[in-house]
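Observations on chain architecture
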Amino acid sequence: MMRHRSIFSLLLVLLATFLISCGSPSVTVAPPTYTATQLERIGEYVPKIQTVRDRAGELKTLINKKDWIDVNNFIHGPMTEARSSMTYIIPNLLPNDQKTARQINRDLLNDLVKIDQAAVDSNTQSALSNYQAAIQDIDKFFQLLPDTNGEA
């Protein structure tokens, strides 16, 4: 009987060793990071968007003055260029951020269209509320961007 226990114990040890050796090691996947090329491409367009963001107060002033022609010019000029720059940045973002960035870009377009329509209708209140939404969209987009000084 003692001999059977020893053999049984030996078999259990061999079985456990075999099962442990067959198990795959847990592989940790590094979080996605930006390449130098992606950071460089993003860095090319960020200043253009930042310049428009810094000038956004001009649009609010134009809306308050009811200068609808210049509102239209600002929307179709600098704001559209900023949106184009955002479009060029999106493919260089991390995959998880691209979907959010595309939605923000679409939201910005919708806000600009609403400002444009409010300018046509001479509706200051609608233009101001959509102006605020557009600025928030630009700020949300900036939150998705990496530090372009070489850090992800």
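The present account deals with the structure reproduced in this document. What you are looking at is a predicted structure, and each value in this text was computed from that prediction instead of being measured. (Residues numbered from 1 in each chain as written. Predicted model: local features only at pLDDT ≥ 70, side-chain atom pairs only at ≥ 80, totals over all residues. Heavy atoms only, no water.)

**So, the nonpolar core**
- Core analysis: the largest hydrophobic core is formed by 39 residues, its most contacted members being Ile63, Val71, Ile89, Ile115, Phe141 and Leu145.
- Going through the elements one at a time, α2 (36–54), α3 (56–65), α4 (68–89), α5 (95–121) and α6 (124–144) are the ones with two or more residues in this core.
- Element by element, the count of residues in this core is highest for α6, at 9 residues.
- When neighbours within four sequence positions are excluded, Phe141 is seen to be in contact with Ile49, Met86, Ile89, Ile90, Ala101 and Ile104. (Core = buried A, V, L, I, M, F, W, Y, C linked by side-chain atoms within 4.5 Å. Buried < 20%, exposed > 50% of the residue type's maximum accessible area, 1.4 Å probe, protein only. Helix = DSSP H or I, 4+ residues; strand = E, 2+ residues; numbered from the N terminus. Contact = heavy atoms within 4.5 Å.)

**Side note on the packing of α3 against α4**
- Packing of α3 against α4 leaves a shortest axis separation of 8 Å and a crossing angle of 155°. When the interaxial angle is binned, α3 and α4 end up roughly antiparallel. The crossing of α3 and α4 is left-handed. Listed contacts from α4 to Glu58, Leu59, Leu62 and Ile63 of α3 are Trp68, Asp70, Val71 and Phe74.
- In the contact of α3 with α4, the residues fall into 6 nonpolar, no polar and 2 charged. (Axes fitted to C-alpha atoms, helices over the stretch in contact; angles between N-to-C directions. Parallel < 35°, antiparallel > 145°, perpendicular 65-115°, else oblique. Left-handed = near helix turned anticlockwise from the far one by under 90°. Nonpolar A, V, L, I, M, F, W, Y, C, P; charged D, E, K, R; others polar.)

**Some points on the environment of Ser129**
- In this structure, Ser129 sits in helix α6.
- Using a relative accessible area of 41% as the deciding quantity, one classes Ser129 as partly exposed.
- Taking the C-alpha atoms as reference, Ser129 lies 9.1 Å from Asp111; in sequence the two are 18 residues apart.
- Here Ser126 takes part through its backbone oxygen, which lies 3.1 Å from a polar atom of the side chain of Ser129. (Polar contact = N/O pair within 3.5 Å; in protein donor to acceptor, adjacent residues only side chain to side chain.)

As far as function goes, none of this settles anything; it's purely spatial.
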